[in-house]
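# Examination of the molecular architecture
What follows is each chain in one-letter form.
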Amino acid sequence: MIKQAKKLKGLLPITFGLFFILISFSHCIAQTKPSFRFKTVVIDAGHGGKDPGAHGSYSLEKNVALAIAKKVDHLLKEDMPDVKVVMTRSTDKFVQLNKRADIANSIDANLFVSIHCNSSPEGTAKIAHKEKGVMLLVYGYHRKEEQLEALRENSSIYIEKDYKKNYAGYDEKDPTSMIVLNTFMQKYRKQSILFGEILDKQFIDNNGRKSRGVKEQGVLVLAHSAMPAVLVETGYINNPGEEKYLNSESGQSEIAASIVRAIKIYRKEINSH
């Protein structure tokens, strides 16, 4: 009994320490909510340069992704002038995957949107029932260690005023501080899924697109983004009907408009919580 009492006594400081961090963190979130401002979006045009991505019968993913990304950039600057828009590439150049996430992390972006085209295994062969539709990807939870590393290096708490005071002397070397990082990771995961679901609804309701839904996958460019992040598969480029849509001015404009509408709704949603 004496040994058990001593053991319990030894655990008490650790338990109280963890409890204090959780209470302090929750209190800080409650205090800082009103000051949060959605101000920066990163638009990532997938592939580029020596990396063409998927291909259809006459077009390349890298070109379609860039064309849509430019339209999103233009619409955001028109419709949301108070939001800073940064593109990871605006020309046909190759940008490493980790550099794309680095761009977003370095400017403390509030949302990362990566634009791509999908492709099915049958290639461009003429098959009656080809895959079609949009799909939204968020980082897979099995890749959480990679995102924790990104959060450790770019955590939002470091840019908050008086973060040491607010977070009760947060120290990244202290094991108990992983609670804080895990809380941020869970929050960003939920926000990524939220944006994905909002965008999915826009594609279905406004564009009449078939959707494969919001899915979690181990996508490297998302795993290293220390913020809410979604990869948008805009359609199957090896499906002749979808390739035509993805390369058309009207199709690209519809996709871009849906992304911008979703960003507006998303900003309103997170600002209201």
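For the structure given in this document, a descriptive report is provided here. (Residues numbered from 1 in each chain as written. Predicted model: local features only at pLDDT ≥ 70, side-chain atom pairs only at ≥ 80, totals over all residues. Heavy atoms only, no water.)

## Details of the pairing of strand E4 (residues 134–139)
A large share of E4 lies buried, amounting to six of its six residues. Note: E4 against strand E5 (residues 211–217), five bridges, orientation parallel. Directly across from leucine 136, in E5, lies its bridge partner valine 214. Where E4 and strand E6 (residues 229–236) come together, three bridges link them in antiparallel fashion. The partner of leucine 137 across the bridge, within E6, is leucine 231. (Buried < 20%, exposed > 50% of the residue type's maximum accessible area, 1.4 Å probe, protein only. Helix = DSSP H or I, 4+ residues; strand = E, 2+ residues; numbered from the N terminus. Pairing = 2+ DSSP bridges.)

## Describing the sheet that holds strand E2 (residues 84–87)
If you trace the six strands from one edge of the open sheet to the other, you get E2-E1-E3-E6-E4-E5, paired in mixed fashion. The open sheet terminates on both sides in strands that have one partner only, identified here as E2 and E5. For this sheet, the mean angle separating the axes of adjacent strands, direction not counted, is 20°. In this structure, strand E1 (residues 40–45) lies alongside strand E3 (residues 111–118), joined through five bridges in parallel fashion. Paired with aspartate 44 across the strands is serine 114, a residue of E3. Strands in contact with helix H8 (residues 240–247) are E3 and E6; relative to E6, the strand with the most contacts, it is inclined by about 120°. Helix-sheet contacts for helix H9 (residues 249–271) involve E1, E3 and E6, and the interaxial angle to E3 is about 155°. (Axes fitted to C-alpha atoms, helices over the stretch in contact; angles between N-to-C directions. Contact = heavy atoms within 4.5 Å.)

## Details of the pattern of salt bridges
According to the stated counting rule, one finds ten salt bridges in the structure shown. Of the charged contacts, one joins arginine 100 and aspartate 44 as a salt bridge, the two residues approaching to 2.5 Å between their closest N and O atoms. Residue arginine 100 is located in helix H3 (residues 97–106), and its partner aspartate 44 is located in strand E1; the two are separated by 56 residues in the primary sequence. (Salt bridge = Lys/Arg side-chain N within 4 Å of Asp/Glu carboxyl O.)

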